[in-house]
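# Descriptive analysis of the structure
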Amino acid sequence: MIELEIFQTASDAAHRVAELALEQVAARPASVLGLATGSTPIAIYQDIVRQVRAGRVVWDQVTTFNLDEYVGLCASDPHSFTYYMQQHLFGPLGMRKQKWFMPPHCGPDLAQIAPRYDQTIADHGGIDWQLLGIGRNGHIGFNEPGTPFDSLTHVATLSESTRQANAAWFDGHLDDVPQQAVTMGLATIMAAGTIVLAAFGESKAWALEKLLKEPPTPAVPASVLTQHPHVLVIADQAAASRINALAGRAGT
Ligand code: PGA
């Protein structure tokens, strides 16, 4: 069951997502959160950091699991998602290393060890609240079109459109964008208690329309979410431009 909230601007929508994360942590201080990277969560993380610093909630007991990481980029590489998370959330919140997890992404036998991430998540009691962005091709995490709905954490080959979208993070150099990443699988994501998907900007309009209007299909990986009992989509007007008529609740 998917609920939809549409906000005038990406900034209002980001604020709403931050509120939801903070409400989750206020209700359960030892929450296990699933987190995302990319341009979408930046304003969300800024808002969370500001409010945690202002004393709105205590974040010390929170544990986080990130959705994905490029294969072969070590934590000190400014293009890695580990670095991104340290810049935008872990560092500003002073999170201790044992409280955050990234998928295994360096070393041999990655294909074999990747599913252990699911076990580590299970060992921590499972993900209570999962934040997702959405790719312009409908991917979630790096689960590209065609990924089976029952996939666990695995090594994924990035589609050309995803690499092009992410080239901006590599000074526009497509050749520098890694070909592979380790990503939570669709079944990993679906095991979360609550899922909040943030979609900001016109480039997400097609994917959002597919997710909300069409039957689930591996061709649009995000459509697996229609089979989850508790998904909230937070969109700005631009991302919702093709599905406005379906809006369940408009934000302010
Ligand atoms: P973006 O990426 O936030 O940078 O648009 C979202 C995604 O690809 O999942």
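Residues numbered from 1 in each chain as written. Predicted model: local features only at pLDDT ≥ 70, side-chain atom pairs only at ≥ 80, totals over all residues. Heavy atoms only, no water.

## Description of the side chain of Gln-130
- Structurally, Gln-130 is set in strand E6 (residues 129–132).
- When its relative accessible area of 0% is taken as the criterion, Gln-130 is described as buried.
- When neighbours within four sequence positions are excluded, Gln-130 is seen to be in contact with Gly-34, Leu-35, Leu-67, Met-184, Ile-189, Ala-192, Thr-194, Ile-195 and Val-196. (Helix = DSSP H or I, 4+ residues; strand = E, 2+ residues; numbered from the N terminus. Buried < 20%, exposed > 50% of the residue type's maximum accessible area, 1.4 Å probe, protein only. Contact = heavy atoms within 4.5 Å.)

## Digging into the UniProt feature "domain: Glucosamine/galactosamine-6-phosphate isomerase" (unreviewed entry) in the protein chain
- Mapped onto this structure's residue numbering, the UniProt feature "domain: Glucosamine/galactosamine-6-phosphate isomerase" (unreviewed entry) falls at residues 9–227.
- Note that residues 9–227 is 34% helix and 14% strand, and that its end C-alpha atoms are spaced 28 Å apart. (UniProt positions renumbered as here; feature names shortened; annotations may be inferred.)

## A few points about the environment of Trp-169
- Tracing the backbone shows Trp-169 in the loop between helix H6 (160–166) and strand E8 (180–183).
- Judged by relative accessible area, which is 39%, Trp-169 ranks as partly exposed.
- Between the alpha carbons of Trp-169 and Gly-38 there is a distance of 8.9 Å; along the sequence they are 131 residues apart.
- Aside from chain neighbours lying at most four places away, what touches Trp-169 is Gly-38, Ser-39, Ile-42, His-79 and Tyr-84.

## A word on the pairing of E8
- Looking at chain direction, strand E4 (residues 68–70) and E8 are connected through three bridges and run antiparallel. Bridge pairing in E8 places Asp-68 opposite Thr-183. (Pairing = 2+ DSSP bridges.)

## Some thoughts on the packing of aromatic side chains
- Scanning the entire structure with this criterion turns up eight aromatic pairs.
- Taking 5.8 Å as the distance between ring centres and 40 degrees as the angle between the ring planes, the aromatic pair formed by Tyr-70 and Phe-142 counts as tilted. A residue pair is termed long-range when its members are at least 10 positions apart, and Tyr-70 in strand E4 and Phe-142 in the loop between E6 and strand E7 (154–157) qualify at 72 residues.
- These aromatic residues form a ring-pair network of at least three members: Tyr-70, Phe-81, Phe-142 and Phe-170. (Phe/Tyr/Trp six-rings, centres within 6.5 Å; stacked < 30°, edge-to-face > 60°.)

## Side note on the packing of helix H1 (residues 10–27) against helix H2 (residues 40–53)
- Look at H1 against H2: their axes get within 8 Å of each other, and the N-to-C directions meet at 50 degrees. Put simply, H1 runs oblique to H2. For the element pair H1 and H2, the recorded crossing hand is right-handed. Mapping the contact onto sequence places Ala-14, His-15, Val-17, Ala-18, Glu-19, Ala-21 and Leu-22 in H1 and Ala-43, Ile-44, Asp-47, Ile-48, Arg-50, Gln-51 and Val-52 in H2.
- For the contact of H1 with H2, the per-class residue count stands at nine nonpolar, two polar and three charged. (Axes fitted to C-alpha atoms, helices over the stretch in contact; angles between N-to-C directions. Parallel < 35°, antiparallel > 145°, perpendicular 65-115°, else oblique. Left-handed = near helix turned anticlockwise from the far one by under 90°. Nonpolar A, V, L, I, M, F, W, Y, C, P; charged D, E, K, R; others polar.)

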